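Below, each chain spelled out in residue letters.
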Amino acid sequence: MQVVVLNGANLDVLARRDPAVYGGISLSELETRIYEWASELGCHVRCRQTNHEGEYIDWCHDALDWADGVVVNPGAWTHYSYAIRDALELFQVPIVEVHLSDIEEREEWRRSSVIADLAAKRVLGKGPDGYREALGFIVQQVGAAP
Ligand code: DQA
């Protein structure tokens, strides 16, 4: 089972962002944990991060050919990028939307997600562990598929 984890804008500087909101973890620490969780769960993961919306979309298109599940944290694009939404709409495999922070408990503009209805599951405000929950969900869903 192959899962793609796509982190978007400003997640490369996670360690520099407000630790009260994002926990002070770096992207590479987060990705290390994701790879460990994936091996515990028996799936293969490819983690990607970009600050460029077009590149994010290209990676979605690439993953259409091989991913059995998709974990997305598009960062601020979550709130307004219809182009990323259109790319995610192409997937026929489960999508899990993850946010480190609870976007529903923050500023008004963060409360809307243009991808929420495409997600089989949303994990908000659970920090890095949210990615583990997302992977576990995909493994369960895809493993259970006929
Ligand atoms: C985020 C929440 C977004 O509102 C924000 O723009 C981010 C990170 C999160 O993981 O909590 O960059 O997606």
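Coordinates for the structure precede this section.
In this text the structure is predicted, and so the values were computed from the model without any measurement.

A.B. asks: Got a minute to help me understand the overall build of the protein in this structure?
C.D. replies: The number of helices and strands found in the protein is 5 helices and 5 strands. In the protein, the succession of helices and strands from N to C terminus is β-α-α-β-α-β-α-β-β-α. For the protein, the C-alpha radius of gyration of 14 Å lies close to 15 Å, the compact-globule estimate for 146 residues. With respect to the three principal axes, the spread of C-alpha positions in the protein is 40 × 30 × 25 Å.

A.B. asks: How do you make sense of the site of the ligand when you look at a structure like this?
C.D. replies: If you check the shell around the ligand, you find Ala9, Arg17, Tyr22, Asn73, Gly75, Ala76, His79, His99, Leu100, Ser101, Ile103 and Arg110 and nothing else. One of the backbone N or O atoms of Leu100 is found 2.8 Å from an oxygen atom in the ligand. Here Arg110 contributes a side-chain N or O atom positioned 2.8 Å from an oxygen atom of the ligand. When grouped by side-chain class, the residues that make up the shell around the ligand number 5 nonpolar, 5 polar and 2 charged.

A.B. asks: Which parts of the structure should I look at to understand unusual backbone geometry?
C.D. replies: Keep in mind that most residues, glycine aside, have a negative phi and that most peptide bonds are trans. Positive phi, close to 75°, is recorded for Asn10, a residue that is not glycine. With respect to the element layout, Asn10 can be found in the loop between strand S1 (2–7) and helix H1 (19–22).

A.B. asks: Would you mind showing me how to read the pattern of salt bridges here?
C.D. replies: It is possible for side chains of opposite charge to pair when their charged atoms get near one another. Evaluation of the coordinates by the stated rule reveals 10 salt bridges. Between Lys126 and Glu133 there is a salt bridge, and its shortest N-O distance comes to 2.9 Å. Overall, the relative accessible area of 45% leaves Lys126 in the partly exposed class. A residue is classified by how much of its surface remains accessible, and Glu133, at 28% relative accessible area, is partly exposed. Three or more residues are tied together by salt bridges with common partners; here these are Arg85, Glu89 and Asp117.

A.B. asks: How should the nonpolar core be read in this particular structure?
C.D. replies: Generally speaking, soluble globular proteins have nonpolar side chains that are buried together. Counting residues in each nonpolar core, the largest one holds 25 residues, and the members touching the most others are Ile34, Val45, Val71, Tyr131 and Leu135. Listed by contribution, the elements that provide at least two residues to this core are S1, helix H2 (27–41), strand S2 (44–49), strand S4 (95–99) and helix H5 (129–144). If you tally residues by element for this core, the top one is H5, at 6 residues. With residues up to four places along the chain from it excluded, the contact list for Val45 reads Val3, Val5, Ile34, Tyr35, Ala38 and Leu135. If you look at the next biggest cluster of nonpolar residues, it comprises 19 residues, including Trp66, Val72, Ala87 and Ile95.

The rules behind the values
- Numbering of residues starts from 1 in each chain and follows the order in which that chain's sequence is written.
- A pLDDT threshold of at least 70 governs which residues receive local features in this predicted model, and a stricter bar of 80 or more applies before side-chain atom pairs are shown or counted, although totals over entire chains, interfaces and linings include all residues.
- Here the side-chain values reflect all heavy atoms present in the structure, with hydrogen atoms and water set aside.
- Segments assigned H or I by DSSP are reported as helices when at least four residues long, segments assigned E as strands when at least two residues long, and all are numbered from the N terminus.
- Two things to know: the radius of gyration comes from C-alpha atoms, and the globule rule equals 2.2 Å times the number of residues to the power 0.38.
- Only heavy atoms are used to decide nearness, and a residue is near a molecule or strand if one of them lies within 4 Å of it.
- A 3.5 Å cut-off defines polar contacts: any pair of N or O atoms within that distance qualifies, except that in protein one atom must be a possible hydrogen donor and the other a possible acceptor, and neighbouring residues in sequence count only when both atoms are side-chain atoms.
- Each residue is assigned to one of three groups, with Ala, Val, Leu, Ile, Met, Phe, Trp, Tyr, Cys and Pro labelled nonpolar, Asp, Glu, Lys and Arg labelled charged, and all others, Gly among them, labelled polar.
- The working definition used for a salt bridge is a side-chain nitrogen of Lys or Arg within 4 Å of a carboxyl oxygen of Asp or Glu.
- Think of it in three bands: residues with accessible area under 20% of the maximum for their type are buried, residues over 50% are exposed, and the middle band is partly exposed, with areas taken using a 1.4 Å probe on protein chains only.
- To define a nonpolar core, start from buried Ala, Val, Leu, Ile, Met, Phe, Trp, Tyr and Cys residues and group those joined through side-chain atoms within 4.5 Å.
- In what follows, a contact means two residues having at least one pair of non-hydrogen atoms within 4.5 Å.

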